[in-house]
Amino acid sequence: MSTPLLVARGLHTWFEVRRWGFFRVGFVRAVDGVDFSLAKGEAVAFVGESGCGKSSLARTLLGLHLPTDGDVSFDGQDMRNLSKAELHAYRAKVGYVQQDPYGALPPFMDVRRILTEPLIVHGVKDAAERDRRIREVLEEVRLSPADDFLPKFPHQLSGGQQQRVVIARALILEPEMIIADEPVSMLDASVRVEILNLLRNIQINRGLSLAFITHDLSTVRHYAERIFVMYAGRIVETAPVEELLDHPQHPYTQALLAAIADPDPDNADHQRDVPVGEAPSLLNPPAGCRFHPRCPQAMGGLCDVELPPDFEPRPGHLSACWLHREQE
Ligand code: SF4
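Computed from a prediction, not measured in an experiment: that's the story for all the values here.

Rules and cut-offs
Residues numbered from 1 in each chain as written. Predicted model: local features only at pLDDT ≥ 70, side-chain atom pairs only at ≥ 80, totals over all residues. Heavy atoms only, no water. UniProt positions renumbered as here; feature names shortened; annotations may be inferred. Helix = DSSP H or I, 4+ residues; strand = E, 2+ residues; numbered from the N terminus. Buried < 20%, exposed > 50% of the residue type's maximum accessible area, 1.4 Å probe, protein only. Pairing = 2+ DSSP bridges. Axes fitted to C-alpha atoms, helices over the stretch in contact; angles between N-to-C directions. Contact = heavy atoms within 4.5 Å.

S.K.: How would you explain the UniProt feature "domain: ABC transporter" (unreviewed entry) in the chain if you had to name every residue and give the values?
M.R.: Per the UniProt record, the feature "domain: ABC transporter" (unreviewed entry) sits at residues 15-257. As annotated, residues 15-257 has a helix share of 39% and a strand share of 26%, and its two end C-alpha atoms lie 31 Å apart.

S.K.: Please give an account of unusual backbone geometry that cites residues and values.
M.R.: Here the residue pair serine 144 and proline 145 is connected by a cis peptide bond, since its omega of 0 degrees sits within 30 degrees of zero. Relative to the helices and strands, proline 145 resides in the loop between helix 5 (127-140) and helix 6 (146-149). Despite not being glycine, glutamate 174 shows a phi value in the positive range, around 55 degrees. As for its position among the elements, glutamate 174 is in the loop between helix 7 (159-171) and strand 7 (177-181). With a relative accessible area of 52%, glutamate 174 lands in the exposed category. One non-glycine residue, alanine 232, lies in positive phi territory at about 50 degrees. Counting through the fold element by element, alanine 232 comes out in the loop between strand 9 (226-231) and strand 10 (234-240).

S.K.: Outline the sheet that holds strand 3 (residues 43-47), listing residues and values.
M.R.: A sheet is described by the order of its strands in space; here eight strands give the open sequence 6-7-8-3-9-10-12-11, paired in mixed fashion. Each edge of the open sheet carries a strand with a single partner, namely strand 6 (94-97) and strand 11 (311-314). In this sheet, adjacent strand axes meet at a mean angle of 20 degrees when their direction is disregarded. Sheet contacts for helix 1 (residues 54-61): strand 3, strand 6, strand 7, strand 8 (209-214) and strand 9; angle to strand 8, the most-contacted strand, approximately 150 degrees.

Structural data, given as structure tokens:
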């Protein structure tokens, strides 16, 4: 693999839960022992049901949540001990594309102001230089001609156009990496592919790293090179995208894929990518393999007791499941 840009080892992000603001009830283990690396110029997807910890992971990588434990480094720099100035500089290197474009954009700012603010905050003092960069990035996200969009406020734009502005804002500081958290889940189906194609093309053209967070396994084939499947705060399966989609090894991934492929028209109105049963509470996750209460292949006395390590059932393909124990 080429040079890693982002490396996480044993990453934990827990949130303390208190009742009546006084009694500590416990911790929500949103990210609970995650290891991965992301190469320069690589696009990866973190996939899982809502509540599996993927958005908390994204916010930890953005420096918005402090890790409770573990190591995370960006371009060789340890992120746990960044000074305020270093954190400020880091945030310019990582662009963020949020799920809800309307909520992400300040309603009382026009597009010019939305794109000018980060440039001013990060010290681009020359107004002509700011104007040049804003026009370039609007062209890049296909909001053209720029003069038509610069005076518009978010409510005057369609959902797809709003998300293009969010992407433009994420790019304006020329980051090395983009984190896109469910970037199309709140958009009309008609514009989802356009936005995903736009993100992927920008990532390739600029040579950026991209961490794409989604609950929808069916969208990742064309937009990522590797997939990390998350369940209850942990990564349970990792492989290159074609390998994982064509040869899923973990029972949770197999259930996700089987549900997507469900051709029954009676199920058309249901969420089709969720396996039977409910995702566990991150306040009190099950012992052993966290998927065992929902797993049709769970082995009593093992899966409900011991957390499975990563096995490599196929070359370059990791799966945290006891079923692979004999195959190694
Ligand atoms: Fe199922 Fe056991 Fe594998 Fe977990 S470790 S996915 S419970 S078979």
